[in-house]
Amino acid sequence: MHDIKWIREEPQGLIRALTRRGTDAAEASALVQGLIALDERRRAGIVKLEELQARRNAASKDIGAAKKAKDEAKAEALMAEVAGLKDSIPALEVEVKAAEEELNGQLAAIPNVPLDDVPDGKDETENVDYELVPRPDLPSGEVPVPMWRDYTFKPEQHFEIGEAWGLMDFEAAAKLSGSRFVVLKGQLARLERAIGQFFIDTHTTEHGYLEVSPPVLVKDEAMFGTAQLPKFRDDQFRAGDEHWLIPTAEVPLTNLVAQSIVAEEELPLRLTALTPCFRAEAGAAGRDTRGMIRQHQFTKCEMVSITTPDQSPFEHERMLACAQAVLKKLGLHFRVMRLCTGDMGFASGKTFDIEVWLPGQNAYREISSCSTCTDFQARRMNARYRPKDAKGPRFVHTLNGSGVAVGRALVAILETYQNADGSVAIPDVLRPYMGGLTRIEKP
């Protein structure tokens, strides 16, 4: 959500941001000018409304004075004026409210402003490689990023491995729920659980995040606050008349500070949750129809940070380092990409994507996305903090990142650690969660 005052004072700032995101310059200019005109109409209505209300109050007092002076003619004229104002004020209130709703609706449909160091580009083909410079004040994975293995055999894709074992069943899931679901069984189900537990344990014990167990059903206001609504309504799953299934734990975690004022001393606030997530994947027809890459239901470990504006640049790199650390511990090869303006999410001001190498697919695939949303979400949910050395509250900055997607980590482990005999080795850090098991073989 954008500050209309900023748009009035610096219209070229929003026009430039929209054109960087791919909007035609003339269209962006027309949109901004339309916003300003609508705001002027709203503000003029408010001024007129205040004038009428003040006149009504003054006239009401004058009626008593006229009657006290036994000036019946003046009293009747004033009563007629007040009666007219009582009719016109509600109509003007309706007009002002309609203008406010229209303005807020248009503002809610405008994406966040890209930060200055975000590369310009039209789509994912223009994203830029990024390597985080090692720093002692950032979490470490303790091991360097591993290179992918040299295989003496043609690596299989994860679903070929899982289906050959009889432990990854897409047909059973389709009977139960339709396409883009999976039933995991036996050691694969246990491995999925182990991965999630390893992620949440690492982020809470080593990276300083507070574990939260949030609801997975949220109201419209929560989805609006993190910008899933109204623009991405078709990508969500509705649950009854009043709730939505969360597409990510970012929604309930970030909304924990909605409509509140946090003391600056409490920031940064770092939260993490391991939850099921649900996405309709409305725009993914024909993409990744086989396997577990793009599912309607999946498990993800989410990281959320609430910070002051000054803290957010460092916190963004710190969050990225935390996501990299768990992948390093798993021994998975990956790369980090700085997303260009044409590939960024709606609420993001800047995004890093971590892409894990999948030998079976012979390709990199996204496994984590770490974004700073600046004060964009905070304005939508009215989340503020009280600075130590300032009078009034200010909007917080919100950040979110996958720490990481459990299903895709499972995919990467199966494809990376597969052996020629059809077995899959279990990464060392997961073995305590697997009862000491060192490999998974076909039952």
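Calculation rules
- Residues numbered from 1 in each chain as written.
- Predicted model: local features only at pLDDT ≥ 70, side-chain atom pairs only at ≥ 80, totals over all residues.
- Heavy atoms only, no water.
- Disulfide = S-S within 2.5 Å.
- Buried < 20%, exposed > 50% of the residue type's maximum accessible area, 1.4 Å probe, protein only.
- Salt bridge = Lys/Arg side-chain N within 4 Å of Asp/Glu carboxyl O.
- Helix = DSSP H or I, 4+ residues; strand = E, 2+ residues; numbered from the N terminus.
- Pairing = 2+ DSSP bridges.
- Axes fitted to C-alpha atoms, helices over the stretch in contact; angles between N-to-C directions.
- Parallel < 35°, antiparallel > 145°, perpendicular 65-115°, else oblique.
- Left-handed = near helix turned anticlockwise from the far one by under 90°.
- Nonpolar A, V, L, I, M, F, W, Y, C, P; charged D, E, K, R; others polar.
- UniProt positions renumbered as here; feature names shortened; annotations may be inferred.
- Contact = heavy atoms within 4.5 Å.
- Polar contact = N/O pair within 3.5 Å; in protein donor to acceptor, adjacent residues only side chain to side chain.
- 1 Å grid on protein atoms, 1.4 Å probe; cavity = no way out; pocket = protein on both sides within 12 Å on 5 of 7 lines; lining within 4 Å.
- Points joined across faces, edges and corners; volume = space filled by probe spheres on them.

K.L.:
Outline the state of the cysteines, supporting the account with residue identities and numerical values.
P.N.:
Two cysteines joined by a covalent bond between their sulfur atoms form a disulfide. Applying the stated rule across the entire model yields zero disulfides. The structure places no disulfide on Cys301, whose sulfur is separated from the nearest cysteine sulfur, that of Cys277, by 9.9 Å. Under the relative-accessibility criterion, Cys301 is labelled buried at 0%.

K.L.:
Give a description of the pattern of salt bridges that names residues and reports values.
P.N.:
The final tally for this structure, using the stated rule, is 18 salt bridges. For Arg20, the salt bridge identified is with Asp120, shortest N-O distance 2.7 Å. Placement of the pair is Arg20 in helix α2 (residues 11-20) and Asp120 in the loop between α4 (72-108) and β1 (128-129), with a sequence separation of 100 residues. Glu206 serves as the salt-bridge partner of Lys329, at 3.5 Å between the closest nitrogen and oxygen. Residue Lys329 is found in helix α10 (residues 312-329), and its partner Glu206 is found in the loop between α7 (186-205) and β4 (210-211); the two are separated by 123 residues along the sequence. Connected via shared salt-bridge partners are Asp3, Asp375 and Arg379.

K.L.:
Describe the pairing of strand β10 (residues 297-307), naming the residues involved and giving the relevant values.
P.N.:
Across the eleven residues of β10, nine count as buried, placing the element largely inside the fold. As judged from the ten bridges shared by strand β9 (residues 269-278) and β10, these two strands associate in the antiparallel manner. Bridging from a neighbouring strand, Phe278 pairs with Gln297 of β10.

K.L.:
Tell me about the packing of helix α3 (residues 25-68) against α4, residues and numbers included.
P.N.:
Packing of α3 against α4 leaves a shortest axis separation of 8 Å and a crossing angle of 160°. The orientation of α3 with respect to α4, classified from their angle, is roughly antiparallel. Seen from above, α3 lies across α4 with left-handed handedness. For the contact of α3 with α4, a count of residues per class yields 20 nonpolar, five polar and 14 charged.

K.L.:
I'd like to hear about the pairing of strand β13 (residues 363-372), residue by residue, with values.
P.N.:
For a regular strand, side-chain orientation follows a simple rule: the groups alternate between the two sheet faces. Across nine bridges, strand β12 (residues 350-358) lies against β13 in antiparallel orientation. Along β13, the bridge assignment pairs Trp357 with Tyr364. In this structure, the hairpin formed by β12 and β13 is closed by a connection of four residues, where Asn362 is found at a positive phi of approximately 55°. By the bridge criterion, three bridges tie β13 to strand β16 (residues 397-405) in an arrangement that is antiparallel. Counted as the bridge partner of Ser371 is Asn400 from β16.

K.L.:
Now, about the UniProt feature "binding site: ATP" (unreviewed entry) in the protein chain: what can you tell me, with residues and values included?
P.N.:
When the UniProt feature table is mapped onto this chain, "binding site: ATP" (unreviewed entry) is found at Arg279, Ala280, Glu281, Glu366, Ile367, Ser368 and Ser369. Of note, Arg279 is situated in the loop between β9 and β10. Leave out the neighbours within four places in its chain, and Arg279 touches Asp235, Phe237, Pro247, Thr248, Gln295, His296, Phe298 and Lys300. A polar contact of 2.9 Å, which involves the side chain of Arg279, links it to the backbone oxygen of Pro247.

K.L.:
Just give me the short version of the sheet that holds strand β5 (residues 217-218), but keep the residues and values in it.
P.N.:
Pairing in this open sheet of three strands is antiparallel, and the strands run β5-β7-β6 from one edge to the other. The outermost strands of the open sheet, each flanked by one partner alone, are β5 and β6 (237-239). Here two bridges tie β5 to strand β7 (residues 243-245), and the two strands are oriented antiparallel to one another. Counterpart to Val218 in the pairing with β7 is Trp244.

K.L.:
Can you tell me about the layout of surface pockets, naming the residues and giving the values?
P.N.:
The calculated volume of the second largest pocket comes to roughly 380 Å³. The wall of the second largest pocket is formed by 18 residues, among which His2, Trp6, Asn112, Val113 and Asp375 lie closest to the centre. Mapped by element, the contributors of at least two residues to the lining of the second largest pocket are α1 (4-9), α2 and α11 (376-381). Among the elements that make up the lining of the second largest pocket, the one with the highest residue count is α2 (four residues). In terms of residue class, the lining of the second largest pocket is built from seven nonpolar, four polar and seven charged.

K.L.:
Provide a residue-level description of the sheet that holds β1, including the pertinent values.
P.N.:
With mixed pairing, eight strands are arranged side by side in an open sheet as β1-β11-β12-β13-β16-β10-β9-β4. If you trace the sheet from one side to the other, it starts and ends with β1 and β4, each paired once. Here strand β11 (residues 334-338) pairs with β12 via five bridges, running antiparallel. Opposite Val336, over in β12, you have Ile354 as the bridge partner.

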